[in-house]
Amino acid sequence: MADLLPESERDAALAPLLESGWTVADGRDALTRSYQFRNFIDAFGFMTRAAIWAEKWKHHPEWSNVYNRVDVTLTTHDAGGLTELDVKLAKKMNQLADD
Ligand SMILES: C[C@H](O)[C@H](O)[C@H]1CNC2=NC(N)=NC(=O)C2=N1
């Protein structure tokens, strides 16, 4: 199980994500981001590609989809907050959304 991000590393780890549109959730140690695509097929294609990485890393998003939008929340349930796995998956999702 991954450990919570240590205080000393947390700001540096989160900074690039906060610049790219992720925010720290209200009242919860979690990252959230909403992705918008051209249409449902692009949104669902993103979810399919992200799901393969999530399964490979055994780290799964909380997410929902409405038409061309995908709302994502990342947190590590086992640790009760943000870990490097959330940072890794958030970065991967940004890459996949830009493809
Ligand atoms: C055994 C299995 O790897 C764990 O239950 C994993 C599965 N996916 C997970 N995903 C997330 N987001 N947090 C977890 O703590 C978590 N735990």
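For the structure itself, consult the block above.
As a starting point, this report considers the structure included with it. As the structure is a computational prediction, the values presented were derived from the model and not from experiment.

**Here's the deal with the site of the ligand**
At step 1: As a matter of local geometry, the ligand sits amid Lys 58, His 59, His 60, Thr 75, Thr 76, His 77 and Asp 78.
At step 2: Note that an oxygen atom of the ligand is positioned 2.8 Å from one of the backbone N or O atoms of Asp 78.
At step 3: Expressed as a share of its isolated accessible area of 390 Å², the protein-covered part of the ligand is 64%.
At step 4: In the shell around the ligand, the residues fall into no nonpolar, five polar and two charged.

**Focus on the packing of aromatic side chains**
At step 1: Scanning all chains against the criterion turns up six aromatic pairs.
At step 2: The structure contains a cluster of three or more aromatic residues connected by ring pairs, namely Trp 22, Tyr 35, Phe 37 and Phe 46.
At step 3: Taking NZ or CZ as reference, Lys 88 lies 4.3 Å from the ring centre of Trp 57, over its face.
At step 4: Across from the ring centre of Trp 53, 3.9 Å away, lies the NZ or CZ of Lys 92, which sits over that ring.

**Description of the nonpolar core**
At step 1: One finds Trp 22, Leu 31, Phe 46 and Met 93 to be the most contacted residues of the largest nonpolar core, which totals 21 residues.
At step 2: Contributing elements (two or more residues each) for this core: α1 (7-19), β2 (31-36), α2 (40-57), β4 (69-74) and α3 (84-98).
At step 3: Per-element accounting of this core gives the leading share, five residues, to α3.
At step 4: Those residues in contact with Leu 31, other than ones at most four positions away along the chain, are Leu 14, Leu 17, Leu 18, Trp 22, Thr 23, Val 24, Val 72, Thr 73, Leu 74, Leu 82 and Ala 90.

About the thresholds
Residues numbered from 1 in each chain as written. Predicted model: local features only at pLDDT ≥ 70, side-chain atom pairs only at ≥ 80, totals over all residues. Heavy atoms only, no water. Near = heavy atom within 4 Å. Polar contact = N/O pair within 3.5 Å; in protein donor to acceptor, adjacent residues only side chain to side chain. Areas by Shrake-Rupley, 256 points an atom, 1.4 Å probe, with all protein chains shown as cover. Nonpolar A, V, L, I, M, F, W, Y, C, P; charged D, E, K, R; others polar. Phe/Tyr/Trp six-rings, centres within 6.5 Å; stacked < 30°, edge-to-face > 60°. Lys NZ or Arg CZ within 6 Å of the ring centre and 35° of its normal. Core = buried A, V, L, I, M, F, W, Y, C linked by side-chain atoms within 4.5 Å. Buried < 20%, exposed > 50% of the residue type's maximum accessible area, 1.4 Å probe, protein only. Helix = DSSP H or I, 4+ residues; strand = E, 2+ residues; numbered from the N terminus. Contact = heavy atoms within 4.5 Å.

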